[in-house]
Amino acid sequence: MNPLLQQFITEARDLLEEAANGLLALESSPNDVDGVNAVFRAAHTLKGSTGLFDVLPMTHVVHAAEDILDAVKANQVHIDSNLIDLLLDAFDQVGIWVDELEAAERLSSSAGSIGADMSAKLRHWLAAARGEASGGDANAHGHQNVELLEQAITQSEMRADNQQMVDMAPARKAIDWLSDIPPQVRLAAYEQGIAGHKVVAIAYTPEPECYFKGEDPLGLMLQTPGLLGIATRLAHKVKVDAELDVYQANIQLFGVATGELGDIEYLYRYVSDQVLLELPEVEQWLIPYGQQDDDTILADIAEQMDSCIQRQDMDGLVASISVAKDIVRADSWAANALSLMSLVVNTAGNHKLAWLKCLKESMFSGQKPDWLSLQTHVKPEVSLSLDKTGIAELQLLDHVDREALSLVIGLQTKILRLPIAHELMLGRIASIGKVIENVLHRFNHDVLLTQWLAVVSKAKIANNSAGMLAWLEQSNLALTEPSSLSNLPVAQEIQLIKHDAVLELVDVQRQVLMQSQPDEAIFLGRLTSVKTVLTSVLTLLGRLDLLLGLNAAIETDILSVSVSETLGFIAQMSLERREPSGASAKSASTGKSHTSAANGSAIAAASSGEANANPEAAAATHESGGMAKTLRVEQASVDKLGDLIGELVVAKNAMPYLAQRAEHDFGVPELAKLLKEQFNVVDRLTQELQGTIMRVQMLPVSQIFQRFPRLVRDISRKLGKKVNLVLEGEETRADKSVIEVMADPMIHMVRNSLDHGLESPEERLAAGKAETGTLRLKAFQEGDSVIIEIQDDGRGVNPVMVKNKAVEKGIITQEQADAMSAQEAIYLIFQPSFSTNDEVTDLSGRGVGMDVVRSTIERIGGSLRVHSEVGKGTIIRLSLPLSMAVSHVMEIELADQVFGVPMDLVVETTRLTPDLIKTIKQRETFIWRSRLVPLLRLRRAMYLPSGSKRNDGTESVLVVRRDGGLIGLVVDDFRSKLEVIMKPLEGPLSGIPIYAGSALLGDGSVMLVLNVGGLTL
Amino acid sequence: MKKVMIVDDAATVRMYHGDILRQAGYDVVEAFNGVEALEKVLANPVDLMLVDVNMPLMDGYSFLREVRMHNDTMHIPAIMISTESEQSDREKAYLNGANDYMIKPVRPDVLLEKVRLMIGG
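Computed from a predicted structure; not experimentally measured.

## Brief notes about the overall build of chain A
Consideration 1: Each helix and strand in chain A was counted, giving 35 helices and 22 strands.
Consideration 2: Out of the 1017 residues belonging to chain A, those deemed buried represent 36%.
Consideration 3: Of the contacts formed within chain A by residues at least 6 apart in sequence, a portion of 68% connects residues at least 24 apart.

What follows is the structure, given as C-alpha cells:
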C-alpha cells in the first residue's frame, strides 16, 4: 500500500478514537472547554488529511462535524446526548470508511450517497440548532449557502485537479496502436468522444509466463467497465514449428472503454506494468483503412475540397465527397477516408475544419492522418495561468472559432476591469467564470477548460479576479496575435511561464509589508523575512545587480521603522520585471495590483482586531512531553520476529538430540559434552529473546476495556437501563494475540450482562436495590495467567429456570437435569443454542453467544468459571494464558502416539485399579479426593484402536479441569512436561474441535495438543 | 542542501509535504506543534518553514510571531498552509509573519514552484 495512505489510516484511527473518547467525556461534562477543543482539533486535523486522498464523502462528513464542533466552541449550540449520538455515528461511519480504505485502498461505491446523507443530517442539525439558538433561521440559511458554495468550489477544484493530472501527459500524443483496434470499435469510440464522453484506449501486453501465474488476460480485459470493443494481435511474429511454445502468451490485447480512468486503472492494478492506458483526443480515432489505390483522379477533387474547407462551404464539401465516393473503390482507403469526412461534417460540423483538412490529406496520401500536426509539441505547464498547451490550443482554432472566442473573452475582460464593490466580487467571478466555461466547453477545449476551472476556483477562494483577468488577457493575446508568442526563443518562453509566479510572489511580499502593524515586536522579523524571499527571487532571475538596492532599502527601513523604502523597491522591481516579456501580461499585473491593494487595505482593518482576539489560549489538553519513548512498528514485523524466535526455540531443542546421537551413534562423547554446554548458552539466550518478544507483544487490557464505556452507554440507553461501569486493572498486560482474540467474547459477555443480568430501574427498585446497576470489569495477573472478571449486581442466573429451558430445548434429559447440581446447571448457558430469554433482542439472546465465548477461550488455552447467586448477581471469571506464544504441555501416550495436554488444565496424574472405577448412570466414574469424577477413555473418544499398554490392569488417569469441574482422562502413559510453541491448526484441520493446535518437537516430529473442552463425553 | 521545516500536527500531512520536498532534493525537518518547531528552529535554523495554523500547545500564528521575534530566525521565509480558504485567514497569516499562504491540500507542483522561488535549490 502507498505509505502515505498507510500513514493516513493509522493517523485517522487515532484521531477518531480521540474524538470518540472526547465526545464521551463531554457527555458527562458538557461545559469542558478543553474537551470541546480536543474533539474539534481531532476533526480539524482529520479533515486536513482527508483532502490528500480521493475520499470526498469522508471530507464532507468530517467537515460537517467540524462545523458543528466549531459552533459548540463558539457557544452557538449546546451539547446534548442526541448531538453526541449524531457525532459518534458520523465518526463511526468515517471509521468504516477507513477500514474500507485499508482493505481496498478506496471507498466503496455507496460511500458517496452515505456521505451525502450523513453530512446533510449533520448540517440539518446545525441549522436547526442555530435556528433555535438565534431565534431565527435566516442566519443559518446564509451560512448553509456559503457551505454549499464552498463545497462546489472544492469539488470543481478537485475535478480540475484530477483532469490536470490526466492531462499532464502531452495532450495529443502519438498512439500508433490505435489503428490495431477494429474500425467499427474506433467509430464507436469516436461517437462516444464527440458526445463528450471520455474514451480510454487500453493496450495490454501480457507477460509470456502469465498463464503460469493464473492470469487470464482476455478475461481481465472483458471485465473492463464500459468496454466498447476489443482486438488482439500477435505480439511477435511466430513460425509454427518446434520452437513455438503454446504455453506462453504471445498476444497483445487492445480495448476501448468509456469507464472512468480510475476504475480501469484499478482493474489492471496487478498488471499495471504491462498495460498502457491512453485518453486519445476524439479525432485520433479517425483512421481510414482499406486498400490503397494510387488514383490520380483524386487530385482534382482534393483541390476542390481544399477550397470548400477554406470557405467553410460544408454543402460544397459534402457534394465533393459524394462525387469522390463514386470514383474510388468501395473498400479502398480513400473511400473510408471519405466516409470519415462525412462523419465529421455530420457530427462536428464546421468547428472541426482542421480535422477535415487532416483527413483529406490522409485520403490523398494513403498515410494515417497526422493528428499530431494539429498541435505543437509542448510540455504542458502546470501553473494556473494560461500555459503553453493552452496557448497552442488557442492558436489551433479555426479563424471563426478564434474570432468568436476572442469576442467573448474581450467582453468579459472588459467587465472584469470595471471597479466593483467588494461584496459583489464573488458574483462577478462566478458569472464570468460560467460564461467562459460554457464557451470553452462548446469548442471542446478540455485543456483550456480544466485550467479555467482551476483559475476560477482560485479566484472564488481569494475573492479576487486578478488571476482570471491575467488568464483572459493572455488568451486574448494568443488569439489575436498568434505569432507574438510562438516566435520567442525557448529561454524567454520559460521565463514567461515563471513570470506570473514571480510577480505573484513579489506581490504577496508587498501585501505582507502593507499589513497594518498591530505591534512592533515582529516588525523586524517581517522585514528580514521579506528580504530573504526577495533576495532569492532576484538570484533566481539572475538580477544580482539589484541586490545592493534591496539591501539598502531594507537597512533604511529598519532604521526608520517603516516599510516605505522596501515597498518602493518592490514597485520598481515589478515594473522592471514586466519589461522583458513585452506586451504579454502588462495590463494583467497592473490589474492584479489594483485589486489586491484595494482588498488588502479593506481587510487589514478588520483582521487587526481579530489577530488580538486569537490568544495563545488555544493551549492543548493532551500530548504532554513526559511520555516514554515508543516506536511504531509494523505488526507484521513483530509477528515475523515472534515466528522466527519460535523456530529458533525448536531448532535449539534439536541440540540435545544431536548430542545424544554424537555420543551413542558416532561414539564421540567429547563432542556430545561440548554440544550440551553450547546448548545451555543458546538455551539461555533464546529464553531471553522469548521473554523480550513476549513483552513487546504484551498489550494492556485497556485495549479491550476502552471500547466498553461507549458500548455500555449505547446499549443501556437502548435498553432503558441505568448502569455504572467500573473498570479496574486496565493496565494489566497480556499477549497481543490473547487480547485480540478476547475482544469479541468480552463484548458478548458484557452485552449479555446488560441484557439478561441487569434489571430495569423499576425492577431494581422493586427488589430493594439501587436504581443504577453496577457492571464491573476487572483484570489482574495471577501467576502465569491473566484473570478477567465480569461482575454484575443483577438478577443472577436461576438454575431452575436454566434446567427447565435446557430440558425444553432437548439439550439434556429430565433425569440429567434432576441429577445436576445448581452449579453445574449454570454452565448449561454455555451449551450451543441455549438462550434463557424468550424474546430475541438485537443485542444478545440469539443463542449463539455464550458457547462461542467458551470455545474461543478454550481454544487459546484459557478457562472460564461462573459464580451466580439469584437476586444478587453474576461473576464470570476468565483465566487466560499470559501468552499464547509458549505453552506448557504434558506429553501423553496413546496407541503409540504422543499427544500434548495443556499443563494449566492438569490437576493430577494417578493410577486406578479396576475396582476403583464405578459405573454410575451408564458412565464410568471414580472417586478422587472424595469427589465423583467422570472418566473419559481417550482412545475411544479419539477413535483410536482400543487396548492398553499396561498389563497389570491399572489405568493411567490424568485429572484435568473442564467446565468448572473435573474429568479423568484415561491414557496409555504419561511423559514429561514440555515447553512448546503451539500453532493453531490451519485450513480444514482448524475445524477439528478436539485439537487446540500443533507443536514441533526437538527431533523434528509434530505433536498435536488436545483441546480438553472439545472432547465429547 | 536547503533545509525546510514542516510544522503540522497531522502526521499524514507532514509525510505528504515531506515526500514532495524530499523528492525534489530538499532536506526536511518535521515538528508536530509550535513548541517543538520553535525548539528545533532555534537550535538549528532552516531555510524555509511550512506552517499549519491549528496545532496543539502552540498554534501557527503564535509560532510565527515567536520566530519573527528571535534574531536567529526572523529572516526565515514561511509559507502558512491551512484548510481555511477565507481571504481573512490569508491576511491573518501575513499579519502574523507569513510570506505566503496556501490552502490544503496543496498541489505538489505549486508547492514546489513556491518553495523554489523562495529559496531556490
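## Concerning the overall build of chain B
Consideration 1: When its secondary structure is counted, chain B shows five helices and five strands.
Consideration 2: A fraction of 62% describes how many contacts in chain B between residues 6 or more apart in sequence connect residues 24 or more apart.

## Some points on the nonpolar core
Consideration 1: Ranked by internal contacts, the top residues of the largest apolar core, which has 106 residues, are A:Val39, A:Ala65 and B:Val4.
Consideration 2: Beyond its immediate chain neighbours, meaning those up to four positions away, A:Val39 contacts A:Ala19, A:Gly22, A:Leu23, A:Leu26 and A:Leu69.
Consideration 3: Core analysis: the second largest hydrophobic core is formed by 45 residues, A:Ile181, A:Tyr190, A:Leu253 and A:Leu338 among them.

## Remarks on the sheet that holds strand β10 (residues 863-869) of chain A
All names here are of chain A.
Consideration 1: Pairing is mixed in the open sheet, where five strands are placed in the order β6-β8-β9-β11-β10. Each having just a single partner strand, β6 (723-728) and β10 make up the two edges of the open sheet. Strand-to-strand twist across the sheet, computed as the mean angle between neighbouring axes with direction ignored, equals 10°.
Consideration 2: On the sheet, helix α28 (residues 708-719) packs against β6 and β8 (773-782) and is oriented at approximately 165° with respect to β6.

## Comments concerning the environment of B:Val13
Consideration 1: Along the polypeptide, B:Val13 turns up in helix α1 (residues 11-23).
Consideration 2: Placed 39 residues apart in sequence, B:Val13 and B:Asp52 show a C-alpha to C-alpha distance of 9.5 Å.
Consideration 3: Excluding anything up to four places from it in sequence, B:Val13 contacts A:Gly48, A:Ser49 and B:Asp8.

## Considerations on the interface of chain A and chain B
Consideration 1: At the interface, 55 residues of chain A touch 46 residues of chain B.
Consideration 2: Elements supplying a minimum of two residues to the side of chain A that touches chain B: α1 (3-28), α2 (33-50), α17 (446-462), α20 (490-514), α21 (523-541) and α24 (586-612) of chain A.
Consideration 3: Residue contributions to the side of chain A that touches chain B peak at 13 residues, all from α21(A).
Consideration 4: Tallied by class, the residues present in the side of chain A that touches chain B amount to 25 nonpolar, 21 polar and nine charged.

## Here's the deal with the pairing of strand β3 (residues 251-257) of chain A
Residue and element names in this part refer to chain A.
Consideration 1: Judged by how many residues are buried, β3 sits mostly within the fold: five of seven residues are covered.
Consideration 2: When strand β1 (residues 200-204) meets β3, the two strands line up antiparallel, connected through five bridges. Bridged to alanine 201 within β3 is valine 256.
Consideration 3: The pairing of strand β2 (residues 227-234) with β3 spans seven bridges and is antiparallel. Following the sheet pairing, arginine 233 is matched in β3 by glutamine 252.

## Considerations on the sheet that holds strand β2 (residues 27-31) of chain B
All names here are of chain B.
Consideration 1: Pairing within the open sheet is parallel, and its five strands lie in the order β2-β1-β3-β4-β5. Since the sheet does not close on itself, it has two edges, and those belong to β2 and β5 (100-103), each with one partner. Strand-to-strand, the axes of this sheet are offset by a mean angle of 20°, without reference to chain direction.
Consideration 2: Here four bridges tie strand β1 (residues 3-7) to strand β3 (residues 48-51), and the two strands are oriented parallel to one another. Counterpart to isoleucine 6 in the pairing with β3 is leucine 50.
Consideration 3: Across the face of the sheet, α1 comes into contact with β1, β2 and β3 while running at roughly 165° to β2.
Consideration 4: Sheet strands in contact with helix α2 (residues 34-43) are β1 and β2, and its direction is about 160° off that of β1.

## Things to note about the packing of α1(A) against helix α4 (residues 81-104) of chain A
All names here are of chain A.
Consideration 1: It is at 10 Å that the axes of α1 and α4 come closest, and there the two elements cross at 165°. The angle between α1 and α4 places the two elements in the roughly antiparallel class. Relative to α4, α1 is oriented so that their crossing is left-handed. Contacts between α1 and α4 involve Leu5, Ile9, Ala12, Arg13, Leu16, Ala19, Ala20, Leu23, Leu26 and Glu27 from the first element and Ser81, Ile84, Leu87, Leu88, Phe91, Val94, Gly95, Val98, Leu101 and Glu102 from the second.
Consideration 2: Class assignment for the residues of the contact of α1 with α4 results in 15 nonpolar, two polar and three charged.

## Remarks on the environment of B:Asp52
Residues and elements named next belong to chain B.
Consideration 1: Relative to the helices and strands, aspartate 52 resides in the loop between β3 and α3 (60-69).
Consideration 2: The exposure class assigned to aspartate 52 is buried, which follows from the 29 C-beta atoms found within 10 Å.
Consideration 3: In this structure the C-alpha to C-alpha distance between aspartate 52 and methionine 80, which are 28 residues apart in sequence, comes to 5.9 Å.
Consideration 4: Beyond its immediate chain neighbours, meaning those up to four positions away, aspartate 52 contacts Val7, Asp8, Asp9, Gly60, Ile81 and Ser82.

## A short note on the confidence of the model for chain B
Consideration 1: For chain B, per-residue confidence averages 87 on the pLDDT scale, and residues scoring 70 or more make up 99% of the total.
Consideration 2: Overall fold confidence (pTM) sits at 0.41, and the ipTM for the predicted complex is 0.75.

## Let's talk about the pairing of strand β19 (residues 965-971) of chain A
Residue and element names in this part refer to chain A.
Consideration 1: Extensive coverage of β19 is indicated by the burial of five of its seven residues.
Consideration 2: Note: strand β17 (residues 931-937) against β19, three bridges, orientation parallel. Considered in β19, the bridge of leucine 935 is made with glycine 968.
Consideration 3: Pairing of strand β18 (residues 955-962) with β19 involves seven bridges; the strand directions are antiparallel. Following the sheet pairing, valine 959 is matched in β19 by glycine 968.
Consideration 4: Hairpin connection, β18 to β19: the antiparallel pair is bridged by two residues, and aspartate 963 has positive phi, about 55°.

## Focus: helix α11 (residues 314-327) of chain A
All names here are of chain A.
Consideration 1: Given a rise of 1.5 Å per residue, 14 residues ought to cover 20 Å, and the 20 Å separating the end C-alpha atoms of α11 matches this to within 8%.
Consideration 2: What α11 keeps buried is the set Leu317, Ser320, Ile321 and Ala324. Projected onto a plane normal to the axis of α11, the buried residues spread over an arc of 105° and lie on a single side. Every exposed residue of α11 that faces more than 90 degrees away from the buried side is listed here: Asp315, Ser322 and Asp326.

## What about the packing of α28(A) against helix α29 (residues 736-757) of chain A?
Residue and element names in this part refer to chain A.
Consideration 1: Contact geometry for α28 and α29: axes closest at 10 Å, N-to-C directions at 30°. As far as their axial angle goes, α29 and α28 are roughly parallel. α29 is crossed by α28, and the crossing has right-handed handedness. Taken together, the residues of α29 that come into contact with α28 (itself represented by Phe708, Leu711, Val712, Ile715, Ser716 and Leu719) are Ile747, Val750, Arg751, Leu754 and Asp755.
Consideration 2: Its residues placed into classes, the contact of α28 with α29 shows eight nonpolar, one polar and two charged.

## Notes on unusual backbone geometry
Consideration 1: A cis amide bond links B:Lys104 with the next residue in sequence, B:Pro105, at an omega value of -5°.
Consideration 2: Inspection of the secondary structure assignment puts B:Pro105 in the loop between β5 and α5 (108-119).
Consideration 3: A positive phi angle, near 55°, is found at A:Tyr943, a position not held by glycine.
Consideration 4: Here A:Tyr943 lies in the loop between α35 (938-941) and β18.
Consideration 5: A positive phi angle, near 65°, is found at B:Leu57, a position not held by glycine.
Consideration 6: Among the secondary structure elements, B:Leu57 is positioned in the loop between β3 and α3.

Reading the values: the criteria
Residues numbered from 1 in each chain as written. Chains lettered and ligands numbered in written order. Predicted model: local features only at pLDDT ≥ 70, side-chain atom pairs only at ≥ 80, totals over all residues. Helix = DSSP H or I, 4+ residues; strand = E, 2+ residues; numbered from the N terminus. Buried ≥ 20, exposed ≤ 12 C-beta atoms within 10 Å, placed from the backbone. Contact = placed C-beta atoms within 7 Å. Core = buried A, V, L, I, M, F, W, Y, C linked by C-beta atoms within 7 Å. Pairing = 2+ DSSP bridges. Axes fitted to C-alpha atoms, helices over the stretch in contact; angles between N-to-C directions. Nonpolar A, V, L, I, M, F, W, Y, C, P; charged D, E, K, R; others polar. Parallel < 35°, antiparallel > 145°, perpendicular 65-115°, else oblique. Left-handed = near helix turned anticlockwise from the far one by under 90°. pLDDT = per-residue confidence, 0-100. Expected span 1.5 Å × (residues − 1). Arc of directions from axis to C-beta.

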